Amino acid sequence: TITDMRKPIADKPIRYGVLTHHHSDHVPGAAAYAQEGATILTFREDQAVVRAAAGDENAKLQFVEDRMTLTDGSQVIQLYNVGPTPHAENILIAYLPAQGIIFEADHFPQLATGVIPPAVPATVAFASALDRLELQYTKLVGAHSPRVASPGDLKTALGRAAAVTAGGL
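Residues numbered from 1 in each chain as written. Predicted model: local features only at pLDDT ≥ 70, side-chain atom pairs only at ≥ 80, totals over all residues. Heavy atoms only, no water.

A. Representation of the pattern of salt bridges within the structure. Per the stated rule, a full pass over the model turns up 1 salt bridge. One salt bridge connects R44 with E65, and the closest N-O pair in it is separated by 3.8 Å. A residue pair is termed long-range when its members are at least 10 positions apart, and R44 in the loop between β2 (39-42) and α3 (47-54) and E65 in the loop between β3 (61-63) and β4 (67-71) qualify at 21 residues. We classify R44 as partly exposed; its relative accessible area is 45%. (Salt bridge = Lys/Arg side-chain N within 4 Å of Asp/Glu carboxyl O. Helix = DSSP H or I, 4+ residues; strand = E, 2+ residues; numbered from the N terminus. Buried < 20%, exposed > 50% of the residue type's maximum accessible area, 1.4 Å probe, protein only.)

Structure (structure tokens):
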């Protein structure tokens, strides 16, 4: 929630809200960002869905095409559209290069604990996009899991999918 986000940054404005994609479980934050007066980063194709979720036809939107970099002078966040994928036509990932962290939504299903499951088609598309972008990362943070994964976990998922396809596992 915005209240929780404000605890460590009470004295700073929230300038941007990033929506990874247009699905109903990812746009509800638009209303909170709009109330804060933040600019909502999304795709031009998703603006009707985002404005409806914001409950404000005049919400400030900024459209991401292929990529966008945000910085406050010390911290850098790079946004990349890794779509189209089997999950969404347009979908953003966030990359914090100094920390080696990638935040993604819905492409690398990770159980909270236990064995990494085989990759699904969206995972394969996500991995392909990461290869194409040549991002240097050590952590994969997902929108729907408390688990922080590694590049090795992604490789394991891809290997398990290949084994299933070949009739193994």
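B. Molecular detail of the sheet that holds strand β7 (residues 101-104). Judged by pairing direction, the sheet is mixed, and its 6 strands sit side by side in the order β4-β5-β6-β7-β8-β9 without closing on themselves. The open sheet terminates on both sides in strands that have one partner only, identified here as β4 and β9 (148-149). (Pairing = 2+ DSSP bridges.)

C. Local environment of the sheet that holds strand β1 (residues 16-18). The parallel open sheet is built from 3 strands, whose spatial order is β1-β2-β3. Only two strands of the sheet have a single partner each, and these edge strands are β1 and β3. Across the sheet, the axes of successive neighbouring strands diverge by a mean angle of 30 degrees, strand direction being ignored. Here β1 runs beside β2; their pairing, made up of 3 bridges, is parallel. Paired with Y16 across the strands is T39, a residue of β2. (Axes fitted to C-alpha atoms, helices over the stretch in contact; angles between N-to-C directions.)

D. Just helix α4 (residues 121-133), in detail. With 13 residues, α4 ought to run about 18 Å at 1.5 Å a step, and its terminal C-alpha atoms sit 19 Å apart, in line with that. Every buried residue of α4 is accounted for by A122, T123, F126, A127, A129, L130 and L133. Down the axis of α4, the buried side of the element spans an arc of 160 degrees, and every buried residue falls inside it. Of the exposed residues in α4, the ones pointing more than 90 degrees away from its buried face are P121, D131 and R132. Where α4 terminates, the next one or two residues include E134, which has phi positive at roughly 55 degrees. (Expected span 1.5 Å × (residues − 1). Arc of directions from axis to C-beta.)

E. Quick peek at the pairing of strand β8 (residues 139-142). With burial as the criterion, only one face of β8 is covered, namely that bearing L140 and G142; the residues K139 and V141 on the opposite face remain uncovered. Pairing of β7 with β8 involves 4 bridges; the strand directions are parallel. Of the residues in β8, the one forming a bridge with E104 is G142. For β8 and β9, the ladder comprises 2 bridges, and the chain directions are antiparallel. Across the sheet, residue V141 finds its bridge partner in β9, namely V148.

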